[in-house]
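Residue strings, one per chain:
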Amino acid sequence: MADKNGGFDLGALGGVVGDLFGGKHFDIKALEPLWAQVQPHLRGMDTDQIVDTVGSWAKELELPLVKTIPDDVIDKIQKGVKVPLARLIRT
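About the cut-offs
- Residues numbered from 1 in each chain as written.
- Predicted model: local features only at pLDDT ≥ 70, side-chain atom pairs only at ≥ 80, totals over all residues.
- Heavy atoms only, no water.
- Helix = DSSP H or I, 4+ residues; strand = E, 2+ residues; numbered from the N terminus.
- Contact = heavy atoms within 4.5 Å.
- Salt bridge = Lys/Arg side-chain N within 4 Å of Asp/Glu carboxyl O.
- Buried < 20%, exposed > 50% of the residue type's maximum accessible area, 1.4 Å probe, protein only.
- Polar contact = N/O pair within 3.5 Å; in protein donor to acceptor, adjacent residues only side chain to side chain.
- Arc of directions from axis to C-beta.
- Axes fitted to C-alpha atoms, helices over the stretch in contact; angles between N-to-C directions.
- Parallel < 35°, antiparallel > 145°, perpendicular 65-115°, else oblique.
- Nonpolar A, V, L, I, M, F, W, Y, C, P; charged D, E, K, R; others polar.
- pLDDT = per-residue confidence, 0-100.

Student: Lay out the overall build of the chain with the relevant residues and their values.
Tutor: Secondary structure summary: the chain contains 4 helices and 4 strands in total. Tracing the chain from N to C terminus, the helices and strands come up as β-β-α-β-β-α-α-α. The long-range fraction of contacts in the chain, counting pairs at least 24 apart against all pairs at least 6 apart in sequence, stands at 62%.

If you want it as structure tokens, here you go:
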């Protein structure tokens, strides 16, 4: 059974993301469509839920999440404004 988090299926993303990595480097542009599918599920969540969900998603995919997600990014996600993945992931 695939892991569920915030209404989206992390299990289905694992294989796709595996193809995007080359050593420790990955193609953030290739991950944007996946992020675009995840982000709408975060709309309206409180700050802690967003941070926990994004953190869980990044951990499942072994993505290097930024240490601190800026408050303006959280606010935009809560309102459903598209935020580039580069604001959340260290490149």
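Let's pick the thread back up.
Student: Quick rundown of the pattern of salt bridges? Include the residues and the values.
Tutor: All told, the structure shown has 1 salt bridge when counted by the stated rule. Note that R87 is salt-bridged to D72, the shortest N-O span being 3.4 Å. With R87 in the segment after helix 4 (71-79) and D72 in helix 4, this residue pair connects regions lying 15 residues apart in the sequence. According to the relative accessible area criterion, D72 is partly exposed, its value standing at 35%.

Student: Could you give me a rundown of the side chain of Q39, with the residues and numbers involved?
Tutor: Mapped onto the secondary structure, Q39 falls in the loop between helix 2 (28-38) and helix 3 (47-60). Of the polar contacts made by the side chain of Q39, one reaches the backbone oxygen of V81; its length is 2.6 Å. Those residues in contact with Q39 that lie beyond four places of it in its chain are I77, V81, K82 and V83.

Student: Tell me about helix 2, and name the residues and values.
Tutor: Of the residues making up helix 2, those classed as buried are I28, L31, L34, W35 and V38. End-on, the buried residues of helix 2 take up no more than an arc of 105 degrees, which puts them together on one face. For helix 2, the exposed residues lying more than 90 degrees away from the buried face are K29 and Q37.

Student: Quick rundown of the side chain of T53? Include the residues and the values.
Tutor: Inspection of the secondary structure assignment puts T53 in helix 3. From its side chain, T53 meets the backbone oxygen of Q49 in a polar contact 2.7 Å long.

Student: Tell me about the packing of helix 3 against helix 4, and name the residues and values.
Tutor: Pairs of packed helices are described in terms of their axes, by the angle between the two and the distance that separates them. Where helix 3 contacts helix 4, the two axes come as close as 10 Å, and the packing angle between them is 95 degrees. Here helix 4 runs roughly perpendicular to helix 3, going by the angle between their axes. Within the contact between the two elements, helix 3 uses T47, I50 and V51 and helix 4 uses I74, I77 and Q78. For the contact of helix 3 with helix 4, a count of residues per class yields 4 nonpolar, 2 polar and no charged.

Student: Go over the confidence of the model for the chain with me, naming the residues and quoting the values.
Tutor: With 71% of its residues at a pLDDT of 70 or more, the chain shows a mean pLDDT of 77. Taken together, the stretch residues 1-6 has pLDDT below 50 and engages in 13 contacts with residues farther than four places along the chain or on a different chain. Scored below 50 in pLDDT, residues 18-24 shows 10 contacts in the model against residues more than four places distant or in partner chains.

Student: Lay out helix 4 in plain terms, naming residues and giving numbers.
Tutor: Side chains three or four residues apart in an α-helix point the same way, a direct result of the helix having 3.6 residues per turn. Taken together, the buried positions of helix 4 are V73, I74 and I77. Buried residues of helix 4, viewed axially, fall in a sector of 100 degrees; they line one side. Those residues of helix 4 that are exposed and aimed more than 90 degrees away from the buried face are D71 and K79. In this structure, the buried side of helix 4 is in contact with helix 2 and helix 3. Taken from the residues just after helix 4, G80 is the one with a positive phi, measuring 85 degrees.

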